[in-house]
Amino acid sequence: MKAILRLLLVLIVLGGAGAGYAVWRGLEVYREEGPLGKPALVVVEPGEGPRTIAALLVAEKVISNRFVFLAALRLTEDGSRLKAGEYRFEPGISMEQAIAKLVAGETVVRRLTVPEGMTSAAVLELIEQTPTLTGDVQEAGEGELLPETYHFSLGDKRPEVIRRMRQAMRATVRELWSGRAGNLPISTPEEAVILASIVEKETGVASERPRVASVFLNRLRKGMRLQSDPTVIYALTEGKSELRRRLTRTDLATDSPYNTYKVGGLPPGPIANPGRAAIEAVLNPMQTNDLYFVADGSGGHAFAETLDEHNRNVRRWRRLQKDRGG
């Protein structure tokens with residue numbers, strides 16, 4: 001701005017009032033409200049220079065005069081500092097503000113939300129179907145990707161987003177493992193993620209996670225099989241699709257290391273990507289003597305310490321299902 005004012009004074013002295021008026025008018029165009037009538041998304045491609053950008057902004061009605069735009073860039077020496085990316089320009093934005101946005105690289109921040117309990121196959125499909133990302137999707141193991149909301153810009157690479165998800169999971173597990181409760185029947189962070197993935201799939205009620213975790217931890221301490229339905233579903237689908245039907249007795253007899261009705265202890269790997277809360281629930285569970293739980297009809301579960309109590313809860317749930325025509 002100071003450079004423009006200095007030039008204005010020089011031109012008034014050397015060229016007279018006519019030249020001075022031209023510069024003064026250019027300064028008004030530079031600072032006044034622009035012609036944009038509604039918000040606009042404009043993409044500046046890598047390698048595009050000031051002239052191309054000026055023409056683009058005129059075409060999108062962000063600015064009204066490309067000559068003033070180019071002159072301002074020369075005088076401020078900002079021409080080489082314009083950054084590529086996707087920009088959102090608000091109605092009435094001035095040329096001065098538009099240049100400042102391009103120089104600062106204030107690009108549009110996009111969001112990709114990964115829900116808790118998604119399998120890695122589903123997460124990778126979500127990333128693949130996000131059209132504003134580029135590059136090929138890389139493989140990711142089950143339980144490696146932290147469910148979270150990730151920010152990215154137009155053109156960011158899919159492998160980089162996956163790397164950030166993997167890094168976030170490692171950092172979260174490392175942090176929570178260091179603050180774990182004592183005397184847990186799991187010995188490694190990897191086992192914590194496996195059990196957290198089961199807890200994540202067993203309940204959609206956030207407040208229940210620590211209690212569901214306590215049930216499975218109590219069963220592990222007693223050498224009881226976990227008997228978790230979601231592990232059977234994973235054994236049947238390998239995490240590549242949804243089952244979309246109820247489990248049958250035949251399903252419960254499926255021969256798979258993931259079927260916790262058939263095998264003792266934990267399955268060999270996670271059955272989904274657990275969120276932070278599920279991991280924390282496993283590492284700092286509610287202190288209970290519960291060994292069983294079953295749906296209670298309200299979206300949550302009824303918990304029990306004994307098999308007799310559990311069987312009563314099951315009968316209650318089945319009556320409720322019958323009354324509802326389920």
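Because the structure is a prediction, the values reported are computed rather than measured.

About the cut-offs
- Residues numbered from 1 in each chain as written.
- Predicted model: local features only at pLDDT ≥ 70, side-chain atom pairs only at ≥ 80, totals over all residues.
- Heavy atoms only, no water.
- Helix = DSSP H or I, 4+ residues; strand = E, 2+ residues; numbered from the N terminus.
- Expected span 1.5 Å × (residues − 1).
- Buried < 20%, exposed > 50% of the residue type's maximum accessible area, 1.4 Å probe, protein only.
- Contact = heavy atoms within 4.5 Å.
- Core = buried A, V, L, I, M, F, W, Y, C linked by side-chain atoms within 4.5 Å.
- Salt bridge = Lys/Arg side-chain N within 4 Å of Asp/Glu carboxyl O.
- Pairing = 2+ DSSP bridges.
- pLDDT = per-residue confidence, 0-100.

*Asks:* Can you tell me about helix α8 (residues 209-222), naming the residues and giving the values?
*Replies:* The periodicity of an α-helix, 3.6 residues per turn, causes residues three or four positions apart to be oriented the same way. The terminal C-alpha atoms of α8 lie 20 Å apart, and with 14 residues this matches the ideal 20 Å at 1.5 Å per residue to within 8%. In terms of residue burial, α8 counts as a mostly covered element, since 10 of its 14 residues are buried. Those residues of α8 that fall on the buried side of the exposure criterion are R209, V212, A213, S214, V215, F216, L217, N218, R219 and L220. The elements touched by buried residues of α8 are α7 (189-202), α11 (276-283), β5 (292-295) and β6 (301-304).

*Asks:* Outline the nonpolar core, supporting the account with residue identities and numerical values.
*Replies:* Core analysis: the biggest nonpolar cluster contains 44 residues, and M165, F216 and L283 have the highest contact counts within it. Within the residue set of this core, elements represented by two or more residues are α5 (120-128), β4 (149-152), α6 (158-178), α7, α8, α9 (229-237) and α11. When residues in this core are grouped by element, the largest group, seven residues, is from α6. Setting aside residues up to four positions removed in sequence, F216 forms contacts with L195, I198, V199, E202, L226, S228 and F293. Counting residues in hydrophobic clusters, the runner-up holds 26 residues, among them V62, L73, A98 and V103.

*Asks:* Kindly report on the pattern of salt bridges, identifying the contributing residues and their values.
*Replies:* Summed over the entire model, instances satisfying the criterion amount to 13 salt bridges. Taking the shortest distance from any N to any O, the salt bridge between E86 and R110 comes out at 2.5 Å. With E86 in strand β2 (residues 85-89) and R110 in strand β3 (residues 110-113), this residue pair connects regions lying 24 residues apart in the sequence. The shortest N-O distance in the salt bridge between E242 and R244 comes to 3.8 Å. On the accessibility criterion, R244 (72% relative accessible area) is exposed. When salt bridges with common partners are traced through the structure, they connect E116, E200 and R209 into a single cluster.

*Asks:* Could you give me a rundown of the pairing of strand β1 (residues 40-44), with the residues and numbers involved?
*Replies:* Of the two faces of β1, the one lined by A40, V42 and V44 is fully buried and the one lined by L41 and V43 carries no buried residue. In the sheet, β1 pairs with β2 via five bridges, with the strands oriented antiparallel. Directly across from V43, in β2, lies its bridge partner E86.

*Asks:* Can you break down the confidence of the model for the protein residue by residue, with the values?
*Replies:* For residues with low pLDDT, the predicted coordinates do not support detailed interpretation. When the pLDDT values of the protein are averaged, the result is 91; 92% of them are 70 or greater. Per-residue pLDDT stays below 50 along residues 9-16; that stretch engages in five contacts with residues further than four places along the chain or on separate chains.

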